[in-house]
Amino acid sequence: RTDSNADANEPSKLALVCDAGRYIENGPLTGLGDNSQIIMKRVEYFRVLLEVFNSSNQTRYIDIKTYNDLPANQKPRVIAITLGILARSPLSIGADNKITNVDNYKVLDKTVKTAANSANYIRQVITQNVALRNALGDREQEKNE
């Protein structure tokens, strides 16, 4: 969401936030978007990939939409989640000819192009892989099914 404490001259005022909603029994999701909290400021891009086992017991990465589009009986086991972020400095570094402006950044499996008016900011790609240790399960039991 937009950070309300951003400088008016910043090209992008987005922040990564955490929010929670609640499902009421037999009802819709409520409360989402009412009171989000900023986790990290100046996040220009955020991507999530799921590491899954395929039918040959090899791992691969897929995005959440691809996973959700699979039929329920064909969904592979998720063993890890990989997060990718393109973060930007809150302040411009000024016009210095020693600074090379990069327009494209590789975030996981996507190339992200920065806004044309956003030169002279330092950017960093951050990735983190989180293993779901309890997702491994009993492989011997699966072989017998």
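This text follows the structure it describes.
An account of the accompanying structure is given in this report. What you are looking at is a predicted structure, and each value in this text was computed from that prediction instead of being measured.

**Here we look at the pairing of strand β8 (residues 104–107)**
So, point 1. Going residue by residue along β8, you find Tyr105 and Val107 tucked away on one face and Asn104 and Lys106 left uncovered on the opposite face.
So, point 2. Bridge count for β8 against strand β9 (residues 110–113) is four bridges, and the pairing is antiparallel. Across the sheet, Val107 pairs through a bridge with Lys110, a residue of β9.
So, point 3. Following β8, the chain reverses through two residues before pairing antiparallel with β9; Leu108 in that reversal takes a positive phi of roughly 55 degrees.

**Section: the sheet that holds strand β10 (residues 123–131)**
So, point 1. Pairing is antiparallel across the open sheet formed by four strands, whose spatial order is β6-β5-β7-β10. On the outer flanks of this sheet lie β6 (59–63) and β10, each paired with one strand and no other. The mean angle between the axes of side-by-side strands here comes to 25 degrees, regardless of whether they run parallel or antiparallel.

About the cut-offs
Residues numbered from 1 in each chain as written. Predicted model: local features only at pLDDT ≥ 70, side-chain atom pairs only at ≥ 80, totals over all residues. Heavy atoms only, no water. Buried < 20%, exposed > 50% of the residue type's maximum accessible area, 1.4 Å probe, protein only. Helix = DSSP H or I, 4+ residues; strand = E, 2+ residues; numbered from the N terminus. Pairing = 2+ DSSP bridges. Axes fitted to C-alpha atoms, helices over the stretch in contact; angles between N-to-C directions.

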